[in-house]
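Next come the chains, spelled out residue by residue.
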Amino acid sequence: TTINDNDSAPKVSFRLLSSSITENGGVAKIRVRLTGNITEYPVTVPLTVLGTATIGAGNDYTYSIDAPDADNVAPIVFLPASSTADGVTSIDISVTVNDDALLESDETVIFTLGNPTNASLGTNKTHTLTILNNDAQISIFPYDAVKAEGSTGGTTGFSFSVQRDGATPVDQAINFQYTVTAGGANPVQADDFNGAAFPVGVNGTIPAGQSSVIISIPVNHDTDLESNETFVVTITPESGILTGTAS
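Described in the following lines is the structure provided in the data block. (Residues numbered from 1 in each chain as written. Predicted model: local features only at pLDDT ≥ 70, side-chain atom pairs only at ≥ 80, totals over all residues. Heavy atoms only, no water.)

### Examining unusual backbone geometry
Consideration 1: Phi is positive for Asn118, which is not a glycine, with a value near 65°.
Consideration 2: Residue placement: Asn118 occurs in the loop between β9 (107–113) and β10 (120–121).
Consideration 3: In this structure, Ala196 takes a positive phi of about 55° despite not being glycine.
Consideration 4: Under the relative-accessibility criterion, Ala196 is labelled partly exposed at 48%. (Helix = DSSP H or I, 4+ residues; strand = E, 2+ residues; numbered from the N terminus. Buried < 20%, exposed > 50% of the residue type's maximum accessible area, 1.4 Å probe, protein only.)

### Side note on the sheet that holds strand β18 (residues 242–243)
Consideration 1: Taken together, the 4 strands give an open sheet; going across it, the order is β16-β13-β12-β18, and neighbouring strands pair in mixed fashion. Bordering the open sheet on either side are β16 (212–220) and β18, each of which pairs with just one other strand.
Consideration 2: Sheet topology note: the strand β12 (residues 137–144)/strand β13 (residues 155–164) ladder contains 6 bridges and is antiparallel. The partner of Ile140 across the bridge, within β13, is Val162. (Pairing = 2+ DSSP bridges.)

### Focus: the nonpolar core
Consideration 1: Judged by nonpolar contacts, the single largest core of 28 residues is most densely connected at Val12, Ile76, Phe78, Ile93, Val95 and Leu113.
Consideration 2: Broken down by secondary-structure element, the contributors of at least two residues to this core are β1 (11–14), β3 (27–35), β4 (43–45), β6 (61–66), β7 (76–78), β8 (90–97), β9 and β11 (126–132).
Consideration 3: By size, the runner-up hydrophobic cluster in this structure holds 22 residues, among which are Ile140, Ile174, Phe176 and Phe231. (Core = buried A, V, L, I, M, F, W, Y, C linked by side-chain atoms within 4.5 Å.)

### Side note on the side chain of Asp92
Consideration 1: Within the secondary structure, Asp92 is located in strand β8.
Consideration 2: Overall, the relative accessible area of 15% leaves Asp92 in the buried class.
Consideration 3: A distance of 2.8 Å separates a polar atom in the side chain of Asp92 from a polar atom in the side chain of Arg31.
Consideration 4: Other than its neighbours up to four places away in sequence, Asp92 contacts Lys29, Ile30, Arg31, Ser64, Ile65 and Asp66. (Polar contact = N/O pair within 3.5 Å; in protein donor to acceptor, adjacent residues only side chain to side chain. Contact = heavy atoms within 4.5 Å.)

### Notes on the pattern of salt bridges
Consideration 1: Following the criterion strictly, the structure yields 3 salt bridges and no others.
Consideration 2: For the salt bridge of Lys29 with Asp66, the shortest nitrogen-to-oxygen distance reads 2.8 Å. With a gap of 37 residues between them, Lys29 in strand β3 and Asp66 in strand β6 connect regions that are remote in the sequence.
Consideration 3: The exposure class assigned to Asp66 is partly exposed, which follows from its relative accessible area of 30%.
Consideration 4: Asp144 is paired through a salt bridge with Lys147; the nearest N and O atoms lie 2.8 Å apart.
Consideration 5: Given a relative accessible area of 34%, Asp144 falls into the partly exposed group. (Salt bridge = Lys/Arg side-chain N within 4 Å of Asp/Glu carboxyl O.)

### With respect to the sheet that holds β11
Consideration 1: Sheet architecture is open: 4 strands sit in the order β2-β11-β9-β5, paired in mixed fashion. Of all the strands in the sheet, just β2 (18–22) and β5 (47–50) have a single pairing partner and so form its edges. For this sheet, the mean angle separating the axes of adjacent strands, direction not counted, is 20°.
Consideration 2: Across 5 bridges, β2 lies against β11 in parallel orientation. The residue of β11 that forms the bridge with Thr22 is Leu132. (Axes fitted to C-alpha atoms, helices over the stretch in contact; angles between N-to-C directions.)

### Some thoughts on the side chain of Ser94
Consideration 1: Within the secondary structure layout, Ser94 lies in strand β8.
Consideration 2: A polar side-chain atom of Ser94 sits 2.6 Å from a polar atom in the side chain of Lys29.

### A look at the pairing of β1
Consideration 1: In terms of strand pairing, β1 meets β10 through 2 bridges, oriented parallel. Residue pairing in the sheet places Lys11 in a bridge with Ser120 of β10.
Consideration 2: Across 4 bridges, β1 lies against β3 in antiparallel orientation. Residue pairing for β3: Lys11 is matched across the bridge by Thr35.

Right, dumping it as structure tokens:
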């Protein structure tokens, strides 16, 4: 008599589709799971690695597979259950991130599972790890930002300093945008600015070799009798640059 096995194969998938780690975060753990029916056979899963980050010692990252077979390299192998031990149902990929001093955009490491033996692929076939750059931070502070608006036509410039924080390197330019919004108990109105519109998404740059740059917000002169008015300037740096004091 032959007993046919009618159990469905287990499934292999990442626990999460994505995660992130700061560049000085050390080691990221990415879990791969084997779910469903227990198998008496080893499950072998090919693994490919892509993304914008560069692999290798001295580059952006290295990785290893924390598997019981201890070879620490692809493919991923789930050992089967036996009469004396439960089978392996989860394995972590350890990504060690190199903390460099480069001004760079956030980078990605993309892991993709291939078709396994003795199992099938689950829903989460790909995991994207984002390495968040931590080498640069900028802030904005008032520079010459409390004054009379003027009443004889034209505009008055209200100045703010956008500067590199802490040990942010000065050898590369940092791009940012700034946006003006109404704020405070007596907020400005759109017609206080050129074109009767709040400045939005205005481009700015801290040049290479400079620790800061001054931006000027032109405010229209008028003859209206009104209370002192306030506005908020918020900066948004380019990808990979952190924000200290944002507005």
